[in-house]
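Structural features, examined
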Protein chains: 2
Amino acid sequence: MLLTAKISDIAFSSALIHADDAVSLGVKEGERVVLTSTRTKTQAVTDVHISGKALSSGEVILGRITAEKLQISDGESVSISAREKPASLRAIVKKMDGGKLNREETASIVKDITSGVLSPEEISPFVSAMYINGLDMDETEYLAREMIESGEKLSFSKKPVVDKHSVGGVPGNKISLLVVPTIAAADLLIPKTCSRAITGAGGTADLMEALAPVAFSAAEVQEMTEKAGGVIVWGGSTNIVPADDILIRYEYPLKINPRGKMLASIMAKKKAAGSDICVIDIPTGPGAKVADETEGRILAGQLIELGKRLDMKVECALTYGGFPIGRDVGVNLEAAEALRILEERDGSGSLVLKSCAVAGIALEMAGVAARGSGADAAMHLIQGGKAHQKMLDIIEIQGGDAKIKSSDLPAGAFSYPVEAPEDGYVISISNRPIIDIARAAGSPADHGAGIHMDKKVGEPVKKGDTLYTIYADREWKLSKALKIAEETVPVRISGMLISRVA
Amino acid sequence: MLLTAKISDIAFSSALIHADDAVSLGVKEGERVVLTSTRTKTQAVTDVHISGKALSSGEVILGRITAEKLQISDGESVSISAREKPASLRAIVKKMDGGKLNREETASIVKDITSGVLSPEEISPFVSAMYINGLDMDETEYLAREMIESGEKLSFSKKPVVDKHSVGGVPGNKISLLVVPTIAAADLLIPKTCSRAITGAGGTADLMEALAPVAFSAAEVQEMTEKAGGVIVWGGSTNIVPADDILIRYEYPLKINPRGKMLASIMAKKKAAGSDICVIDIPTGPGAKVADETEGRILAGQLIELGKRLDMKVECALTYGGFPIGRDVGVNLEAAEALRILEERDGSGSLVLKSCAVAGIALEMAGVAARGSGADAAMHLIQGGKAHQKMLDIIEIQGGDAKIKSSDLPAGAFSYPVEAPEDGYVISISNRPIIDIARAAGSPADHGAGIHMDKKVGEPVKKGDTLYTIYADREWKLSKALKIAEETVPVRISGMLISRVA
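Now for a description of the structure that goes with this document. (Residues numbered from 1 in each chain as written. Chains lettered and ligands numbered in written order. Predicted model: local features only at pLDDT ≥ 70, side-chain atom pairs only at ≥ 80, totals over all residues. Heavy atoms only, no water.)

This part covers the interface of chain A and chain B. Counting residues at the interface gives 40 residues for chain A and 40 residues for chain B. A combined buried area of about 3,300 Å² lies between chain A and chain B, and 61% of that area is made up of carbon and sulfur atoms. Across the chain A-chain B interface, the total number found is 0 salt bridges. By residue number, the principal contributor to the side of chain A that touches chain B is helix α5 (residues 120–133) of chain A, which donates 10 residues. Its residues assigned to classes, the side of chain A that touches chain B comprises 21 nonpolar, 4 polar and 15 charged. (Contact = heavy atoms within 4.5 Å. Buried area = accessible area lost by both parts, 1.4 Å probe. Salt bridge = Lys/Arg side-chain N within 4 Å of Asp/Glu carboxyl O. Helix = DSSP H or I, 4+ residues; strand = E, 2+ residues; numbered from the N terminus. Nonpolar A, V, L, I, M, F, W, Y, C, P; charged D, E, K, R; others polar.)

Before going further, it helps to examine the packing of aromatic side chains. For the structure shown, the criterion picks out 2 aromatic pairs over all chains. If you follow Lys255(A) out to its NZ or CZ, it ends over the ring of Tyr252(A), 4.5 Å from the centre. (Phe/Tyr/Trp six-rings, centres within 6.5 Å; stacked < 30°, edge-to-face > 60°. Lys NZ or Arg CZ within 6 Å of the ring centre and 35° of its normal.)

As a further point, take the environment of Leu478(A). Residues and elements named next belong to chain A. Looking at where Leu478 falls in the secondary structure, it is placed in helix α18 (residues 475–488). For Leu478, a relative accessible area of 9% gives the class buried. Here the alpha-carbon distance between Leu478 and Ser415, two residues 63 residues apart in the chain, equals 7.1 Å. Here Leu478 is in contact with Phe414, Ser415, Tyr416, Ile470 and Ala472, once residues within four sequence places are set aside. (Buried < 20%, exposed > 50% of the residue type's maximum accessible area, 1.4 Å probe, protein only.)

Below, the discussion takes up the sheet that holds strand β17 (residues 466–472) of chain A. Residues and elements named next belong to chain A. With antiparallel pairing, the 4 strands of this open sheet are ordered in space as β12-β15-β17-β13. Looking along the sheet, the strands with just one partner apiece sit at the ends: β12 (328–329) and β13 (414–419). This element, α18, spans β13 and β17 of the sheet and lies at about 145 degrees to β17. (Pairing = 2+ DSSP bridges. Axes fitted to C-alpha atoms, helices over the stretch in contact; angles between N-to-C directions.)

This next bit is on the pairing of strand β11 (residues 313–320) of chain A. Sheet topology places strand β10 (residues 277–284) of chain A next to β11(A); 8 bridges connect them, and they run parallel. Paired with Pro283(A) across the two strands is Thr319(A), which belongs to β11(A).

Turning our eyes to something else, we now look at the sheet that holds strand β14 (residues 424–429) of chain B. Residue and element names in this part refer to chain B. Spatially, 3 strands are ordered β16-β14-β18 in an open sheet, and the strand pairing comes out antiparallel. Only two strands of the sheet have a single neighbouring strand rather than two, namely β16 (460–461) and β18 (491–493). Here β14 pairs with β18 via 3 bridges, running antiparallel. Residue pairing across strands places Ile429 opposite Val491, the latter belonging to β18.

If you want it as structure tokens, here you go:
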């Protein structure tokens, strides 16, 4: 059936057709249709909505996203037909029924997810099935390989290409802002793509955005990495492993993260970015994604095995993630904390030690530091100022201000110091409440929002000392954050009553 | 945050807000927001879309469905806030993790599905979890009870109220058009709600629509049933068990039908319609939803047990469903076939025998026929013409033409007789190909589309005899249907080569 396109200004992808045309086509509300431009012959698959009003039979209102995909303008002609049932649906039901997916089935699913052939009501059960029934290592490998094929791939002539990843969930884990310039300062390539916060207070992409633009195409990432040695960019705009960006939408609402899918997603991104060597930081502890060291070792083994199957050298660093990393949480606060260490060439503190430990593993794996001396070599690059200069190079090549200083990154104008209710020492700082407070304060959308830990675990406090300070860019968000702080009590003092039970 | 509503003509429910407002609210594309009318105080929960164009900060474009729910007009003020995380999400993850849902958890899920609090990306995993992990009888009972509470309930002073259900999947199973008037002719109430085709060639609601309107409110169904003794209406418009209509959307794309959910859905609808007595037709056989008698007996046991827990008397009729029921498939063809039996008071043929068997069980359960004599009593009502008169009463009370004759229901103008390729007798007629051909021919949207079986299983045929005739309202659909007929060969003749393998 041929229809005349009316293009909507709004950035959605659906097609809206008249009820009479829906009957002729045999499609129902929400089903998928294939659209083909008469002129450009480009195809797009999207969901159809049906209306008796707002348009006539013979017309189709197209969301801007689909119109751009078809490369057509208002008034052009498009052919429309019902989507044929894709083979990937059978594969999804097989996985729901407890079957094991082969490479071909996995390929059909990933391809149909990426191209828009599958609807949300078809993709979501696949994510649920991966979560409930799990993926074995073969299925995980197939998924990783197909995810790599789903988008752009980088390829560098200079070797080795290094990458780094931190398993998420721990607030304040800004170590990429220290690890990437350190590795690049050692004359290794590190094309670091990272994510924005999903449930956290700020992903590395959010933090880096305080220093420079982070949205680039794959070609730009490759070029910038070749020039500056490293980049810290948002993976979402690169079209590297785009299938993952789609799958995440179905994990986010229920905060589920199917293990096999998580492994495939991490390693596919590294492989597609051209990496040969990868070091993975696995924070473990209460309130971290990985509860304890035993679980951390299992995860590490799986990441290493998958890396091997994808022809990458992988090592993992089990780190402590039972409380926030460093003293700051939130976009400007974290970016400033990292930049300050580089500026001051400050080798003290747990944040720089952890960063050097992770960077050091990469330096050893790449053969630029002897086994056992990687962390020292990394520290040398930070204390000698090379890492700072490299970070400014990276900021500059990404279009940021190469003269930026940590003092240029202000905390929010509204703040509140939370005081110790009694004498003692800090026995715990809980990750989830810290994240919830920072998010309520406005993180990561409001760059000034966040938390500064005036005291860390183990430090002695006097009644009335500031335990931590909440910052916000808007007063009402500060109030909201304070309310959560009162409800959750993220910092516990020795001897403090946790709760009185009558 | 207060926004000014701009109401869209289009029947969607989403709210579209400006990107700046989304940042202030802390909501992302596709998340849920709570809207409250400043004037009417009515609330609605829906998904939010974010735009940088097409509207200004301070404005919200509302789909017509949500505007009607809020009872507001263009230019009115609405307050908007991010949805708080509902407790039902924890319950859904519990079910995904293999846990057992209690009554309270089930209630929270069903309530949040019905009210729009849960998004598609949250409802779909619940359906997947029910499919993969199953529901035990307690969970099934809770689900049924909460589904009943999700909508309107009928209540009749005259007792007993009877109901009938056929487990779907077998084409041509139009027995409700015979069973309902027969039971009503025995002076029993039967408020029969039924569904439209989901994957079939025509649901009972589609068939009845050839004879009379089928969309009524619950109050109208109650009133019509009290007056005429019976109705045959579409359940979708009654707001009886609306939660089921929502869940079905997530089953349809993958053609999954979680057992516990299916049991709950069948029995909840009967209970909510006020039934005391229910007879359930379970067609079994190759190509039917229930593959064999053993599986049929298990399903029957589950339906009876669930009925007992909901205080209903349930009996099941295992019937043969390995080929189409009667000779006709498609809206007008099936309605005419049933009406013709009533008009001609024709007691021969398997269709009327099956209908009397099912109606007879109900008559016995209701105490208006002695044990063992129900089918004869039902046949007496058909052969005596009482069932026909009652059917005309039902058609009339639903607003149809009480003088309608089976000859008023034309088959499609385009037809093609499929001939026997050789001599023999019919050994099988396969359900799924028959459905696929009827759907391709236009069923159920095109009322004249369908198939007439000139020969049934067991009948002798000569080469060149018409095996079955395909009807369509549009020529191109007839061609499409013929292509599927050629590919699938739904009718097999003894001695016929199934396939030649080189």
